[in-house]
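These are the residues of each chain, in order.
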Amino acid sequence: MPYTQEFWTDWGAQAQAVSAGTGADPGGLLQAWNTEVDAALAEATLRRPAPAGFLPRGKEGLHSEHLGYLLAEMQSLARQHPDATW
């Protein structure tokens with residue numbers, strides 16, 4: 001759950017896309033998302049964890065050390081097959 005905070009974090013490029021009419025405003029989705037998540041948690045007899053101190057920075061290109069290994073693997077695959085279509 002702490003990583004889902006990034007869904008609702010404002011980001012410059014996203015705000016520009018919303019202004020241009022080519023992007024979705026994630027803030028407008030928050031209430032519906034919370035409703036769905038709360039229903040799923042209730043059905044599973046789970047409680048929503050308390051918000052943590054996680055500071056989302058992935059939209060700025062700042063990732064944890066752990067994601068670095070995954071990104072490197074994905075980038076090496078694309079570099080090995082530059083003409084591939086995904």
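See the structure above.
Residues numbered from 1 in each chain as written. Predicted model: local features only at pLDDT ≥ 70, side-chain atom pairs only at ≥ 80, totals over all residues. Heavy atoms only, no water.

A. Spotlight on helix 2 (residues 30-43). Across its 14 residues, helix 2 extends 20 Å between first and last C-alpha, which sits within 8% of the 20 Å expected from 1.5 Å per residue. If you check which residues of helix 2 are buried, you get N34, V37 and L41. When helix 2 is viewed along its axis, its buried side chains cluster within an angular range of 70° and face the same direction. Seen from the buried face of helix 2, the exposed residues on the opposite side, beyond 90 degrees, are Q31, E36, A42 and E43. (Helix = DSSP H or I, 4+ residues; strand = E, 2+ residues; numbered from the N terminus. Expected span 1.5 Å × (residues − 1). Buried < 20%, exposed > 50% of the residue type's maximum accessible area, 1.4 Å probe, protein only. Arc of directions from axis to C-beta.)

B. Just the side chain of T4, in detail. Relative to the elements of secondary structure, T4 occurs in the segment before helix 1 (12-20). Classification of T4 by relative accessible area gives buried; the value is 18%. Within the structure, the side chain of T4 is placed 2.6 Å from the backbone oxygen of M1, a separation counted as a polar contact. (Polar contact = N/O pair within 3.5 Å; in protein donor to acceptor, adjacent residues only side chain to side chain.)

C. Region of the structure containing the pattern of salt bridges. Under the counting rule described, the total for this entry stands at one salt bridge. We note a salt bridge from D38 to R48, for which the minimum N-O separation is 2.7 Å. Taken together, the residues span a long stretch of sequence, with D38 in helix 2 and R48 in the loop between helix 2 and helix 3 (65-80) at a distance of 10 residues. Note on D38: relative accessible area 37%, which makes it partly exposed. Looking at R48, the relative accessible area reads 34%, which means it is partly exposed. (Salt bridge = Lys/Arg side-chain N within 4 Å of Asp/Glu carboxyl O.)

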